[in-house]
Amino acid sequence: MKVLVCIKRVPAPGGKLSLTEDGTDIDTRHLGFTIGPHEECAVEEAVRLVAEHGGQVTVLSAGPPEVEEQLRYAMSMGANAGVLVEQSAQDPEATARALAEAIGTLESEDGPFDLVLLGNESADAGNYQVGVRVACSLGRPVVGGVKGVEVGAEGTDVFLRRESAEGIEVYQAPLPAITAVKEGLNLPRYPSIQGRLRAKKGPVRTLRPEVPQGGLRTVRLRQPPEKSKETVVLGYGADAADSVVDLLVEKGMV
Amino acid sequence: MNTLPDSADVVVIGAGIAGNSVAHHLAQAGWHNIVLLDKGPLPDPGGSTGHASNFIFPVDHSKEITAITVDSMHQYEKLGMLTTSGGIEVARTEERVEELKRRMASAKAWGIHSELISPERVAELVPFVDTSIVKLGFWTPSAAVVDPLQSGALMREQAQGLGALTVSANTEVSGIDTSGGRISKVRTDRGDIDTDTVVVACGVWSPRIARMAGARIPLVPVVHQLIDVGPIPELAETHSEIGYPIVRDMDPLMYERQSGADLEVGSYAHRAILHEPDDIPSYEAAQLSPTQLPFTQEDFDPQMEDALELFPGILNTPGAGIRHSINGLLSLTPDGGPVLGETPEVKGLWSAASVWIKEGPGVGKVLADWMTHGSTEVDMHGADIARFYPNQRTTTHVRARADEGFNKIYGIVHPNEQWESNRGQRLSPFHPREVELGARFFEVGGWERPHWYESNRALLEEYADRVDDRPHEWDARWWSPIINAEHLALRERVGVIDLTAFAQFDVSGPGALDYLQRMALAQVDKPVGKSVYTPILDHNGGFRSDLTIIRLDTDSFRIIAGGSDGPRDKKWFTDHLPADGSVVFTDVTSAVCTIGLWGPRARDVLSAVTEDDVSAEAFPFGTARYIDVDGVPTLALKISYVGDLGWELHAPFDQGLKLWDTLFEAGREHGIVPAGIGVYGTTGRLEKGYRLMGAELESEYNPVEAGLALPKVKSPDFVGKEPYLRARERGPDTTLCTLTVDECTDSNGTRRYPQAHSPILTTTGERIVDSRARSSYVTSAGSAPSLGEYLLMGYLPAPYAAEGTGLLVEYMGEQYPVTVVRAGRTPLFDPDDERMKA
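Residues numbered from 1 in each chain as written. Chains lettered and ligands numbered in written order. Predicted model: local features only at pLDDT ≥ 70, side-chain atom pairs only at ≥ 80, totals over all residues. Heavy atoms only, no water.

Chemist: I tried to follow the overall build of chain A on my own but got confused; where do I start?
Modeler: Each helix and strand in chain A was counted, giving 6 helices and 11 strands. If one aligns the C-alpha atoms of chain A with their principal axes, the spans along those axes are about 80 × 50 × 40 Å. Residues classed as buried in chain A amount to 41% of the 254 residues present. Expressed as a percentage of contacts within chain A between residues at least 6 apart in sequence, the contacts between residues at least 24 apart total 69%. Summing over all exposed atoms, chain A offers an accessible surface of approximately 13900 Å²; the carbon and sulfur share of this is 49%. (Helix = DSSP H or I, 4+ residues; strand = E, 2+ residues; numbered from the N terminus. Buried < 20%, exposed > 50% of the residue type's maximum accessible area, 1.4 Å probe, protein only. Contact = heavy atoms within 4.5 Å. Areas by Shrake-Rupley, 256 points an atom, 1.4 Å probe, with all protein chains shown as cover.)

In structure tokens form, the structure reads like this:
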């Protein structure tokens, strides 16, 4: 089967996120870049599916030329080829258009991807919509929040499992399909040295789709106020007992 | 929140291995009110200590680094933080095989047990190595791994247990105040501390902290890349942090060590990646820690291929992945050594920086000794922060040399190897002429000094029967037979040597004589116009320096000291200036240029260009006076470090070129030649048995042992007098001797020339160690063209220090017979100094 994984280059933050001086972006001077945990699981799942069913994993990323670093990382985990979709716009609408157009280009050459995997939401922006938009553009079924992927015995369907408050939901979708997956789907592997050396030489092609900008603009980023822990003294010694009991009752703990 | 005391005896900034150890040893030495600060949290404040590879190979070519490392290992062991794994350095190339033989000689010289082992033996010790690419192994059974963070915690606990230490983490230093050039206060975000002593043990941040006080700590943060690959079942099976010896794969400049179920692979082969201390992220903003920067994969790719070659099996284990990869920051100085001691700019500001894990505890001990007693057990000339001239402390210089030096960390570095970057910093006025003469320049203190002159190549024919070539490339590297020819031409005719790199100081004022009497071992109270050569001792009675003092006038003196130790000498002298202002000390190094004019025709040349009387009667040996050399007012000093008739001529810097041209013009008919430092520092010096600071003369040896004790002890008190008197009474534990190499042909039939630091062994190949555990090794080595010998110097205890004793010297894996030809100071060449006194 042919599997495509879409990944996004995001900063790997430390304990504290710093913003650029104009407040419109994350200050990445001291940071490395990575892909989000959802996407690591997507890559891992794709590699496992292909190991089981045969086929090929292509990994695709839209962004500046530097996204090649993340493509090669995914390839070092086992993806066979990379596609760099050069794109400067950051908004989710434009990204989805670029991805859809790139997928269209790739599929017009080699036929459709059986399964397209994305992360449920990006690790930095978290707009929760690129997967759905791509699926709409391509007219394919999409399931988000997925933590289990299983290809049917016939190879024509995929069973997608997700957790909800009521229990486990399982969706059956005909291939080709699209799914946005979540961390917990699997335990992603570390790239091996051989994998890394292979990835260094693996094929990465570049596409430059022309897409209009979407409607979402970043006006300003703001650091949420740090949550400070508040300590309330309920009393001292035996005098505090009543207050403690009241609190435990209030919290539903007794 | 902890509270800081208002005042402290000492504030140690930085709680990595260096700072913890300094605080610990200061407490042991009796300091009471010590404050240890760190900007980060404990136990891992985020510096280089927290991500180091933590292994220790004790053998280094440097004596003091080996000594500090061995002491550190003892300390780690005492803390229960040392796991002995053994370690192997492997050679893939013939060049590295030679280097491992050289390391073997260093191991023997410094007393570390190591062995050269076959590839088969390597495979027995580390079964995962592909030994088909290994030619030789250098096995050190005592190599070990340590836990420096836990060691630091224990050291703090012990100091706290003595009631001597206050520790304050998460405390950022915002300023360091000085008053009258001395530390007065440390400002922090948790309050200010009055103190007169600060230790900067801030690793890669040290330059930033020292700058707050107005001092420079010359280092730059550089990246060292390392990765962890695992899990590997063969390693996991050992159920230990390290169950196999550490492997250093020296040719690709890498190491591999077990760390639990992983193999850690580190490299010093990638491009030098330099950072700025001010640009290191804060603890909060950093991805992992401030000194673990994002891994730059492309720099490491070639190293992965090298690692796979040596460890193909376990690194290809299915399921083993790269679990951790960092660009770790470490500190690098212009010469790669640590920067220890009091900064020359600010009194009371001490540096304990650019310290590796293997040296941390030992450095703490050294620094505590130094701060408490004013001197150290191990000679620190290669580690003293004061060893750098101002030009060597500039950012430009530090960055250039760190960039060049990074790949030397595991490289094969010839002892005389010259730096390529940032050359031409300090040029004597003779430099244009020297360039025209094809000088090959060696650097000292930033000065460009001719080591020999290609223009003298024709002399090789003239002296063909007396000049050896060196057939082995290593022996001939950074050397030329022209040196020996220049030597012979000087001895037969007359030579000119550029000595401008001398450090020169003027000392004057009503207190000048008393001050110099207190500094020098020799009697300085001589008539005006006399010079005196004198050892300068430290408080333990070991050598601090040796130099010449000229009495220019009743209250006015000139100190002439070697160029390589100039900044340390300057610090030593200025530290001891009387507080009452009765002495004015002026550094005139950059105002004066110096020519050595020596050889049997030297007087013919000089008398042709001056009307002053330079005859033996009018200008006896050991005297100095101003003469007029064709309009250049020149301080002429009748003295010679090469043992021939002639003068040091000290002239105003701006008139130097005229002096040079005048001498060469007059010297033409006498066959004058330019001669390099190869003659001055080695061949001429060794024939005369003159000692060199940093080679024969170190703080571990005293004048009695070096043969420099004087017949009489002057009555005024001087630094080191008490221990000097005791040493005279006791007699030498070891004696500086000169030896000849009797047979220098190796097993391949190639003539070899043993170099300095080769161990001197008994005829049965045993190490020679004196009663104070100091081993015998070659302190200097070089040709003696006038004697037709190859000479070595070295300290030997009784009964070996007797003329005629046969011994062995180990060099590059082979042992050569040598003979003691002189025990003590009397020169081999012209023993009565008739030539100099002519």
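The structure having been displayed, the exposition proceeds.
Chemist: What exactly am I supposed to notice about the pairing of strand β10 (residues 173–179) of chain B here?
Modeler: Note on strand geometry: in a regular strand, side chains alternate between the two faces of the sheet. All names here are of chain B. Here 6 bridges tie β10 to strand β11 (residues 182–188), and the two strands are oriented antiparallel to one another. Residue pairing in the sheet places Val173 in a bridge with Thr188 of β11. If you look at the hairpin formed by β10 and β11, you'll find 2 residues sitting between the two strands, and Gly180 has a positive phi there, around 60°. (Pairing = 2+ DSSP bridges.)

Chemist: For this particular structure, what's the right way to read the sheet that holds strand β1 (residues 2–7) of chain A?
Modeler: Residues and elements named next belong to chain A. The strand order across the open sheet formed by 9 strands is β9-β8-β7-β10-β6-β1-β4-β5-β11, and the pairing between neighbours is mixed. Each end of this open sheet is capped by a strand with a single partner; those strands are β9 (167–174) and β11 (204–207). Pairs of neighbouring strands in the sheet enclose a mean axial angle of 35°, with direction left out of account. Note that strand β7 (residues 142–151) and strand β8 (residues 157–164) share 5 bridges and pair antiparallel. The partner of Val149 across the bridge, within β8, is Leu160. Each of β1, β4 (56–63), β6 (115–119), β7 and β10 (177–181) touches helix α1 (residues 37–53); the most contacted strand, β1, lies at about 170° to it. Packing of helix α3 (residues 92–110) onto the sheet brings it into contact with β1, β4, β5 (81–86), β6 and β11, and relative to β4 it is tilted by some 145°. (Axes fitted to C-alpha atoms, helices over the stretch in contact; angles between N-to-C directions.)

Chemist: Is there a simple way to explain the sheet that holds strand β34 (residues 672–675) of chain B in this structure?
Modeler: Residues and elements named next belong to chain B. Sheet architecture is open: 6 strands sit in the order β31-β32-β33-β30-β24-β34, paired in mixed fashion. Each edge of the sheet is formed by a strand with only one pairing partner; in this case those strands are β31 (624–629) and β34. Shown here is a sheet whose adjacent strand axes are inclined to one another by a mean of 30°, direction ignored. Bridge count between strand β30 (residues 592–598) and strand β33 (residues 646–652): 7 bridges; the pairing is antiparallel. The partner of Gly596 across the bridge, within β33, is Glu648. Strand contacts of helix α15 (residues 482–492): β24 (494–498), β30 and β34, with the helix running at about 140° to β34, the strand carrying the most contacts. Sheet strands in contact with helix α20 (residues 677–687) are β24, β30, β33 and β34, and its direction is about 105° off that of β24.

Chemist: I would appreciate a short explanation of a nonpolar patch on the surface in the present structure.
Modeler: Where nonpolar side chains cluster on the molecular surface, the patch consists of A:Val232, A:Leu234, A:Val244, A:Val245, A:Leu247, A:Leu248, A:Val249, A:Met253 and A:Val254 and spans about 780 Å² of accessible area. Tracing the backbone through its elements, the reader meets A:Val249 in helix α6 (residues 241–250). (Patch = residues over 30% accessible without salt bridge, like charges linked within 9 Å, V, L, I, M, F, W, Y side chains within 5 Å. Salt bridge = Lys/Arg side-chain N within 4 Å of Asp/Glu carboxyl O.)

Chemist: Please clarify how helix α11 (residues 395–405) of chain B should be interpreted in this entry.
Modeler: Residues spaced three or four apart along an α-helix face the same direction, because each turn holds 3.6 residues. All names here are of chain B. Turning to α11, its buried residues are His397, Val398, Arg401, Ala402, Glu404 and Gly405. End-on view of α11: buried residues confined to an arc of 165°, all on one side of the axis. Residues of α11 that are buried make contact with β14 (220–230), β19 (321–332) and β22 (439–444). (Arc of directions from axis to C-beta.)

Chemist: Looking at this model, I keep getting lost on the side chain of A:Ser76. Mind explaining?
Modeler: Residue and element names in this part refer to chain A. Locating Ser76 in the fold gives a position in helix α2 (residues 68–77). Polar side-chain contacts of Ser76 include one of 2.5 Å to the backbone oxygen of Tyr73. Excluding residues within four positions of it along the chain, Ser76 makes contact with Pro191, Ser192, Gly195, Arg196 and Ala199. (Polar contact = N/O pair within 3.5 Å; in protein donor to acceptor, adjacent residues only side chain to side chain.)

Chemist: What is the right way to look at unusual backbone geometry in this model?
Modeler: The phi angle of most residues is negative, glycine excepted, and most peptide bonds adopt the trans form. Cis geometry is adopted by the peptide bond preceding A:Pro176, which originates at A:Leu175 and carries an omega value of 0°. Looking at the secondary structure, you find A:Pro176 in the loop between β9 and β10. A cis amide bond, omega 5°, links B:Ala798 with the succeeding residue B:Pro799. With respect to the helices and strands, the residue B:Pro799 is situated in the loop between β38 (789–796) and β39 (806–811). Positive phi outside glycine occurs at B:Ala773, with the angle close to 65°. Take B:Ala773: it is sitting in the loop between β36 (760–761) and β37 (780–784). Judged by relative accessible area, B:Ala773 falls into the exposed class, the value being 62%. Although it is not a glycine, B:Asp830 adopts a positive phi angle of roughly 50°.

Chemist: Sorry if this is basic, but what is going on with the pattern of salt bridges here?
Modeler: Pairing between side chains becomes possible if they bear opposite charge and their charged atoms approach one another. Throughout the structure, instances matching the rule amount to 71 salt bridges over all chains. When the shortest N-O distance is used, the salt bridge between A:Arg29 and A:Asp27 registers 3.2 Å. Among the residues examined, A:Asp27 registers a relative accessible area of 16% and is labelled buried. Across the pair B:Lys63 and B:Glu698 runs a salt bridge whose closest N-O atoms are separated by 2.6 Å. Of this pair, B:Lys63 sits in helix α2 (residues 63–78) while B:Glu698 sits in the loop between α20 and α21 (703–706), and the two are 635 residues apart along the sequence.

Chemist: Even after reading the chapter, I still don't get the domain arrangement of chain B, so can you show me in this structure?
Modeler: All names here are of chain B. Once the domains are mapped, chain B shows domain 1 (1–410), domain 2 (431–496) and domain 3 (503–680). Centre-to-centre separation of domain 1 and domain 2, based on C-alpha positions: 40 Å. On the domain 2 side, the residues contacting the 6 residues of domain 1 number 5 residues. Buried area between domain 1 and domain 2, summed over both chains or domains, comes out near 450 Å², and the portion from carbon and sulfur atoms is 39%. Where domain 1 meets domain 2, there are 2 salt bridges. Of the charged contacts in the structure, one is a salt bridge between Glu443 and Arg401, with a shortest N-O distance of 2.9 Å. The interface formed by domain 1 and domain 2 holds 2 residue pairs in polar contact (both at pLDDT 80 or more) in total. (Domains from an automatic or database assignment. Buried area = accessible area lost by both parts, 1.4 Å probe.)

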